[in-house]
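Inside the fold
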Amino acid sequence: MTKILSKSTCDDCGKEFDSTENSCPKCGSKNITKHICFTENVPLNIRDRVKAKAKDDTLPSKKKVVFEYRQGFEESQSTESGYVQKERLIDHINDKYKEVVADEDGKVIHHCEESLSKHQGHGSAKKSNDNSHKPD
Ligand SMILES: [Zn+2]
């Protein structure tokens, strides 16, 4: 998965070479700088995620979260890469629900935008009271 790439550059002639070498293969200089960098294969799920939550303390504990927004990469079987970008908004204040799922390149796979009360009428979303127990 994560691949660490190490490379060296020669301080004298600027040649790039594999860091297993201790001197420049071109000019023999020992003035070399080692670089360590991660390749493109860094797992997507550690990329930045955006999360926002708002609570209304006047409401009973289970209904406290009145606003929730999430954006980020999630694991998914539906794309070749195994990851999707997901954006989800649950807004109890304005009665809004939005979910956008896109593949790695930003191509939208699933887009759902409706009033939250209507969305919660859907079968799988009915158990909304249990949301507070879900692991994050
Ligand atoms: Zn050199």
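Reading guide: rules and limits
- Residues numbered from 1 in each chain as written.
- Predicted model: local features only at pLDDT ≥ 70, side-chain atom pairs only at ≥ 80, totals over all residues.
- Heavy atoms only, no water.
- Salt bridge = Lys/Arg side-chain N within 4 Å of Asp/Glu carboxyl O.
- Helix = DSSP H or I, 4+ residues; strand = E, 2+ residues; numbered from the N terminus.
- Buried < 20%, exposed > 50% of the residue type's maximum accessible area, 1.4 Å probe, protein only.
- Pairing = 2+ DSSP bridges.
- Donors = N, O, S within 2.8 Å, 3.2 Å for Na, K, Ca; no water.
- Tetrahedral: all angles 85-135°; square planar, octahedral: opposite > 155°, others 65-115°.
- Polar contact = N/O pair within 3.5 Å; in protein donor to acceptor, adjacent residues only side chain to side chain.
- Contact = heavy atoms within 4.5 Å.
- pLDDT = per-residue confidence, 0-100.

**Some points on the pattern of salt bridges**
What the rule picks out here adds up to 4 salt bridges. Note that Glu 74 and Lys 86 form a salt bridge whose closest N and O atoms lie 3.2 Å from each other. On the criterion of sequence distance, the pair formed by Glu 74 in strand 5 (residues 65-75) and Lys 86 in strand 6 (residues 83-91) is long-range, its members being 12 residues apart. When its relative accessible area of 26% is taken as the criterion, Glu 74 is described as partly exposed. Residue Lys 86 is classed as partly exposed on the basis of its relative accessible area, which comes to 25%.

**Observations concerning the pairing of strand 8 (residues 108-114)**
As defined by bridge partners, strand 7 (residues 96-102) adjoins strand 8 across 6 bridges and the pair is classed as antiparallel. The residue of strand 8 that forms the bridge with Val 101 is His 110. With antiparallel pairing between neighbouring strands as the criterion, strand 7 and strand 8 make up a hairpin whose turn holds 5 residues, including Gly 106 at a positive phi of roughly 90°.

**Concerning the coordination of the zinc ion**
Donor atoms from the polypeptide that bind the zinc ion are Cys 10 (SG), Cys 13 (SG), Cys 24 (SG) and Cys 27 (SG), placed at 2.3 Å. What the 4 donor atoms of the zinc ion show is an angle range of 105 to 120° at the metal, which sorts the shape as tetrahedral. Note on Cys 10: relative accessible area 5%, which makes it buried.

**Here's the deal with the side chain of Glu 99**
Examined against the element boundaries, Glu 99 turns out to sit in strand 7. Engagement of the side chain of Glu 99 in a polar contact is seen with the side chain of His 110, the distance being 3.4 Å. Other than its neighbours up to four places away in sequence, Glu 99 contacts Lys 86, Glu 87, Arg 88, His 110, His 111 and Cys 112.

**A short note on the environment of Asn 94**
Locating Asn 94 in the fold gives a position in the loop between strand 6 and strand 7. Classification of Asn 94 by relative accessible area gives exposed; the value is 53%. In this structure, the C-alpha to C-alpha distance between Asn 94 and Val 66, residues 28 residues apart in sequence, is 9.4 Å. Among the polar contacts listed, one links the side chain of Asn 94 to the side chain of Asp 91, at a separation of 2.8 Å.

**Here we look at the confidence of the model for the chain**
Per-residue confidence for the chain averages 76 on the pLDDT scale, and 74% of its residues sit at or above 70. In this model, residues 39-46 is a region of pLDDT below 50 whose contacts with residues beyond four sequence positions or in other chains number 14 contacts. In this model, residues 123-132 is a region of pLDDT below 50 whose contacts with residues beyond four sequence positions or in other chains number 7 contacts.

**Thoughts on unusual backbone geometry**
Here the phi dihedral of Asp 95 falls at roughly 55°; this positive angle occurs in a residue that is not glycine. Here Asp 95 shows up in the loop between strand 6 and strand 7.

**With respect to the pairing of strand 6**
Across 9 bridges, the pairing between strand 5 and strand 6 is antiparallel. From the neighbouring strand, Tyr 69 faces strand 6, where its bridge partner is Leu 89. In this sheet, strand 7 lies alongside strand 6 in antiparallel orientation, the contact comprising 7 bridges. Looking across to strand 7, one finds that Asp 91 is bridged to Lys 96. Adjacent in sequence and paired antiparallel, strand 6 and strand 7 are bridged by 4 residues, among which Asp 95 carries a positive phi angle near 55°.

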